[in-house]
Amino acid sequence: MNGAAGGAERPRLPPARGRRSSGRSQPTSSLPPGSAGPPGGSGVRGPAGRLRARGPCRRQEGSQCKVCHFTQRSSTFSFPKICNIFWRCSKTASDEKYQDPFQLGRKDLKNLYEDIKKELLVSTVELKEMCDYYFDGKGKAFRPMIVVLMARACNIHHNNSREVQASQRSVAIIAEMIHTASLVHDDVIDDANSRRGKMTVNQIWGERKAVLAGDFILSAASLALARIGNTTIISVLTQVIEDLVRGEFLQLGSKENENERFAHYLEKTFKKTASLIANSCKAVSILGCPDPKVHEIAYQYGKNVGIAFQLIDDVLDFTSCADHLGKPAAADLKLGLATGPVLFACRQFPEMNAMIMRRFSKPGDVERARKYVLQSDGVQQTTYLAQRYCHEATREISKLRPSPEREALIQLTEMVLMRDK
C-alpha cells in the first residue's frame, strides 16, 4: 500500500546499498537481486552502510570478539556463535545532533496510559481489571513514541510547527490500543503463559474472557478513531486491523518452496507487526502535511522499522534467556513457526525442511532445530537483513527537513538493532 489508504502491500526487501531502486514493486515469489536472499540462495553481501561495528560485542567468548565487521563484502559472517550480534554503532552524521527518542517524545506521551484508561470506561469490575492489567504504564510505549516523533517531524517539515496536534496524539493512543488488543488475542491463539515477564490475561481469567477483553479494547480504539472525524485516517488505520487478521492466517500456513516460504514469512511479518507502525506514521503525516510524498516517506519509514523490529525479535527468541526476554525461550519453534533464523539455517541444514513442514511437531524437533540454528549463520543473516531494513528506513526519513525529531527517528533505527529484549 504505497500511498493508497485502502490497500495492503507485501513488503519488499530494501535495495542493496549502491544499487539504484527502480521504485517498482518486486514479485513476492522471490526476493530482488542483490538482496539477502532466502535460504538456499547465495550468501549475504556485506553492506557499506550507515551502521558499522565499533568495538567488541557485549556478549563475548573470551576477552575479545573474533570479528564484528559489517563493512566486509564476503558472502558469510564469521561471528562467534554465542557472540551478541547487537554491536555498537559507529558515529554517524546525526550524532552531532543526537536526540534520545524516548526523552524527546516524553512530553507528548505524558499521561498516555491514563488517557487510554479513560477510553476504556466500563462498569464491569472484572473487565476493567483485565484491561488495566496490560495498560500498567510499565511498557516502553515504543509505537506511540514513533508516532508522536513522526507527527512532529512532519509538522516541522510542512510549516515548522513543533506542536503535536490533538488528533495526531489520538493516533498514538489508538495505535497502542490496537497493539495491546492484538497481544491479548495472540496469547489466546498461542496459549501463551507469559508476556512482558508476567502471566497472560488468558492464564489468569481464562481464554473466553481474554478474547472478550481484546475485543473490547479494539472496539474502544475504533470509537476513538471515529472521533477524529477524518475518513481518510479511518481508512488508513482500519487497514491495520485487516492486516492483523490476515497476518494471523498467514502464520497458520506454510509453503513447501523455499523462496515462497521466505516471501510468506516477510509478508506475515509486515501484516502482523509492521503494518501498525507504517499506517500509524502515515496517518499522522496526513493530519500534519498535505503532501502525498511526505505520507509515503512516513509510511515507508514505519514499514521498514517495523519489519526490522520483528526480525530482531525473532533473533532474540534464540539468543536471549527467558527471564530477560519476558517470555519462554524458543517460543516460536514451540508454536511451530519457522522464523528468519530458521529459514536461513535451512541453507546449511536441509534436513530442517521436513521439520518446518511438520511444524516441529515430532518429539525432539524443537531442540534439534534450535541446535541447528545456533550452529548456522541464521542469527547473523537475519540480523543483517534487519540492518538492511533499518538502512532503508533511515534513507526515507532523511528526505524530511532536518529537525531533532527526524534525527531521533534515525537514532531509533540504531536502537532497534541493538535492543536485547
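Here is a short report on the structure shown in this document. (Residues numbered from 1 in each chain as written. Predicted model: local features only at pLDDT ≥ 70, side-chain atom pairs only at ≥ 80, totals over all residues. Heavy atoms only, no water.)

The helix and strand tally for the protein stands at 17 helices and 2 strands. In the protein, buried positions account for 56% of the 421 residues. Residue pairs at least 24 apart in sequence account for 74% of intrachain contacts in the protein once pairs closer than 6 positions are excluded. By element, 50% of the accessible surface of the protein is carried by carbon and sulfur atoms, the whole surface being about 18000 Å². (Helix = DSSP H or I, 4+ residues; strand = E, 2+ residues; numbered from the N terminus. Buried < 20%, exposed > 50% of the residue type's maximum accessible area, 1.4 Å probe, protein only. Contact = heavy atoms within 4.5 Å. Areas by Shrake-Rupley, 256 points an atom, 1.4 Å probe, with all protein chains shown as cover.)

The next subject is the packing of helix H7 (residues 207-228) against helix H8 (residues 231-252). Running from N to C, H7 and H8 cross one another at 165°; their axes reach a closest spacing of 9 Å. When the axes of H7 and H8 are compared, the pair comes out roughly antiparallel. Here H7 and H8 pass one another in a crossing that is right-handed. Contacts between H7 and H8 involve Leu218, Ser222, Leu225, Ala226 and Ile228 on the former and, on the latter, Ile233, Ile234, Leu237, Thr238 and Ile241. Among the residues forming the contact of H7 with H8, the class breakdown is 8 nonpolar, 2 polar and no charged. (Axes fitted to C-alpha atoms, helices over the stretch in contact; angles between N-to-C directions. Parallel < 35°, antiparallel > 145°, perpendicular 65-115°, else oblique. Left-handed = near helix turned anticlockwise from the far one by under 90°. Nonpolar A, V, L, I, M, F, W, Y, C, P; charged D, E, K, R; others polar.)

With 28 residues, helix H10 (residues 292-319) extends 40 Å from end C-alpha to end C-alpha; this agrees with the ideal 40 Å at 1.5 Å per step. Across the 28 residues of H10, 24 count as buried, placing the element largely inside the fold. The residue sitting at the N-terminus of H10 and contributing the capping side-chain oxygen is Asp291; that oxygen lies 2.9 Å from the backbone nitrogen of Lys293. (Expected span 1.5 Å × (residues − 1). Polar contact = N/O pair within 3.5 Å; in protein donor to acceptor, adjacent residues only side chain to side chain.)

Turning next to the packing of aromatic side chains. Scanning all chains against the criterion turns up 7 aromatic pairs. Aromatic pair Phe262 and Phe344: ring centres 5.2 Å apart, planes at 65°, arrangement edge-to-face. Taken together, the residues span a long stretch of sequence, with Phe262 in helix H9 (residues 258-288) and Phe344 in helix H13 (residues 340-345) at a distance of 82 residues. No difference in accessibility class separates Phe262 from Phe344, as the two residues are buried. Each ring, one from Phe349 and one from Tyr372, has its centre 4.6 Å from the other, and the planes form 25°; the classification is stacked. Residue Phe349 is found in the loop between H13 and helix H14 (352-357), and its partner Tyr372 is found in helix H15 (residues 365-375); the two are separated by 23 residues along the sequence. For Tyr372, a relative accessible area of 14% corresponds to the buried category. (Phe/Tyr/Trp six-rings, centres within 6.5 Å; stacked < 30°, edge-to-face > 60°.)

Structural remark: α-helix, 3.6 residues per turn; residues separated by three or four positions point the same way. Restricting attention to buried positions, one finds in helix H2 (residues 112-119) the residues Leu112, Tyr113, Asp115 and Ile116. The buried residues of H2 occupy one face: seen down the axis, they fall within an arc of 155°. Its buried side turned inward, H2 meets helix H1 (101-109), helix H4 (142-159) and helix H5 (166-190). (Arc of directions from axis to C-beta.)

On to the packing of H4 against H10, then. Close contact between H4 and H10 brings their axes to 11 Å; oriented N to C, the two are set at 155°. Classified by the angle between their axes, H4 and H10 sit roughly antiparallel to one another. Of the two possible hands of crossing, H4 and H10 adopt the one that is right-handed. Across the interface between the two elements, Phe142, Arg143, Ile146, Met150, Cys154 and His157 of H4 pack against Val294, Ala298, Tyr301, Val305 and Phe309 of H10. By residue class, the composition of the contact of H4 with H10 is 9 nonpolar, 1 polar and 1 charged.

A cluster of nonpolar side chains, Val245, Phe249 and Leu252, forms an exposed patch at the surface whose accessible area comes to about 330 Å². The class for Leu252 is exposed, based on a relative accessible area of 55%. (Patch = residues over 30% accessible without salt bridge, like charges linked within 9 Å, V, L, I, M, F, W, Y side chains within 5 Å. Salt bridge = Lys/Arg side-chain N within 4 Å of Asp/Glu carboxyl O.)

Here we take up the side chain of Ser403. Mapped onto the elements, Ser403 comes out in the loop between helix H16 (378-397) and helix H17 (404-418). A polar contact of 3.0 Å, which involves the side chain of Ser403, links it to the backbone nitrogen of Arg406. When residues no more than four places from it in sequence are discounted, the contact partners of Ser403 are Ala153 and Ile156.

We now examine the pattern of salt bridges. For the coordinates displayed, the defined rule picks out 23 salt bridges. Notably, a salt bridge pairs Arg227 with Glu119, separated by 2.3 Å at the nearest N-O pair. Taken as a pair, Arg227 in helix H7 and Glu119 in helix H2 lie far apart in primary sequence, 108 residues in all. Arg227 gets classed as exposed once you look at its relative accessible area, which sits at 55%. For the salt bridge of Arg406 with Glu407, the shortest nitrogen-to-oxygen distance reads 2.7 Å.

Interpretation in functional terms is not warranted from these geometric data alone.
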